[in-house]
Amino acid sequence: MRENGYCFGCMKPLDQEGRCPACGFDRKKYQSRGYHLPLGSVLDHGEYLIGKVLGEGGFGITYIGLYKTLMIPVTIKEFFPKGLVRRKYSQSEQSYLVRPVSAKSEELFRQGKRDFLQEARVLSRFGNLDGITHTRSFFEENGTAYLVLDYLEGVSVRDYVAVNGRMTPAICWQILKNPMKALCRLHENDMVHQDISPDNIMINTSGKGTLIDFGTVWSAGELSDNEELAIYKRSYSAYEQLEKHGQRGPWTDVYGLCATIYYMLTGEKPLDATERIYEDTLPRLSRMGVTLDDEVEKLIMRGLVVESADRLQSVDELYQALYHDSLIAFPVMMQQETKVSSFRWGGRQGRSCTLTSQMERKLDRMDARRRKRKWYPVIFGIAAAGVLFLFAMYMING
């Protein structure tokens, strides 16, 4: 990748020979798939340079990118639902268009893109919190949507435990402190994450955790009425996430958090909730060789109760037991740019809130344009009918 001077694997500068001294990424050995954006592609009028694929799932592809204004690495998420779309290169527009494979897919794609931008909306609201990955930008291009986040150097909890084995309680509490505080703020604002698990908590080089993947975050009110918004991950999801009319709320995230703690402390996944409905045989942490304060162990095991009504109901209660520190309820500030100059939270000044309100307005404008475009065919149809009617009247009277 000598033409750009930066490594497509880590977005750090190359040496004089065009090699990466940081990660050793070899472009010639890199294997991408036909539907991936090619290495060296640019987005948002050349603002972002695309590197290698970091991961992909059923609904999108995640790339490492270079934010060319500041020359720093970023994470770029592209909405690309497998089975619904294909990619087509447009030479005239110099773009890699994403197009639905059928008329039926088009409606599903449009709804999915709206839900994808929900993640941008959530992250823009809570991006000034420690423990949550921070949003830099979001935009629509190539017929789809993109979300740009800070690039997190580190490893997931899942991968760390897989390589190093179980953690001590002290290390576990250090990693989870900021993610737990962030969860408390989400719940105070009536939001539920739904996907707390070891692969969605990253450990940075300072040994602190960050909660990622907010594509499944919805308000508790919306979740209670919409089973299609549920997600289920074996060993870490609460049973109500499988139920047709399961009541999901903060207690749902409590289950995912406690299941993650169980994995971190024991090195083993807890039994799935579906295997414990009639007889709960999940061993207590003390039986797995973990030494904890009795009260803390009880709280964690209460968080793993299958029946939601009998489960620990709030993350805050567990947070206080672990850190002996009460969280003061504080609403997320939005759209108050004239008042944020003196606002501080977690060491960040008011600029975070200004950016938050700007992102909120950008999303609102994108939604407004989308709604307006939806009416274009109707308006044109009415206009055409009017013209035809006037022409017919003219012919009759002429």
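Residues numbered from 1 in each chain as written. Predicted model: local features only at pLDDT ≥ 70, side-chain atom pairs only at ≥ 80, totals over all residues. Heavy atoms only, no water.

Draft legend 1. Molecular detail of the pairing of strand 8 (residues 144-150). Counted residue by residue, strand 8 has 6 buried out of 7 residues, so it is predominantly covered. Relative to strand 8, strand 4 (residues 72-79) runs antiparallel, the two being bridged by 5 bridges. By the bridge assignment, I76 is partnered in strand 8 with V148. Bridge count between strand 7 (residues 135-141) and strand 8: 6 bridges; the pairing is antiparallel. (Buried < 20%, exposed > 50% of the residue type's maximum accessible area, 1.4 Å probe, protein only. Helix = DSSP H or I, 4+ residues; strand = E, 2+ residues; numbered from the N terminus. Pairing = 2+ DSSP bridges.)

Draft legend 2. Molecular detail of the sheet that holds strand 9 (residues 154-156). A sheet is described by the order of its strands in space; here 3 strands give the open sequence 9-11-12, paired in antiparallel fashion. Only two strands of the sheet have a single partner each, and these edge strands are strand 9 and strand 12 (209-211). Sheet twist, expressed as the mean angle between neighbouring strand axes with direction ignored, is 30 degrees. Where strand 11 (residues 201-204) lies against strand 12, 3 bridges are found, and the strand directions are antiparallel. Following the sheet pairing, M202 is matched in strand 12 by T210. (Axes fitted to C-alpha atoms, helices over the stretch in contact; angles between N-to-C directions.)

Draft legend 3. Layout of the sheet that holds strand 1 (residues 42-43). Read across the open sheet, the 6 strands follow the order 1-2-3-4-8-7; overall the sheet is antiparallel. Strands with a single pairing partner mark the edges of an open sheet, and in this sheet they are strand 1 and strand 7. Where helix 1 (residues 103-126) meets the sheet, it contacts strand 4, strand 7 and strand 8, and its direction lies at approximately 20 degrees from that of strand 8. (Contact = heavy atoms within 4.5 Å.)

Draft legend 4. Focus on the pattern of salt bridges. Applying the stated criterion across every chain yields a total of 20 salt bridges. With its nearest N and O atoms 3.9 Å apart, the salt bridge here joins K77 to D213. One end of the pair, K77, is in strand 4; the other, D213, is in the loop between strand 12 and strand 13 (218-219), and 136 residues separate them in sequence. With its nearest N and O atoms 3.6 Å apart, the salt bridge here joins D272 to R234. Remark: R234 occurs in the loop between helix 4 (220-225) and helix 5 (250-266) and D272 occurs in the loop between helix 5 and helix 6 (294-302); sequence separation between them is 38 residues. The class for D272 is buried, based on a relative accessible area of 1%. Taken together, the shared-partner salt bridges connect R158, D159, D195, D199 and K233 into one network. (Salt bridge = Lys/Arg side-chain N within 4 Å of Asp/Glu carboxyl O.)

Draft legend 5. Molecular detail of the side chain of T210. Here T210 is to be found in strand 12. Residue T210 is classed as buried on the basis of its relative accessible area of 12%. Once residues within four sequence positions are removed from consideration, T210 is found in contact with G131, I132, T133, L152, P179, N200, I201 and M202.

By themselves, these figures tell us nothing about what the structure is for.
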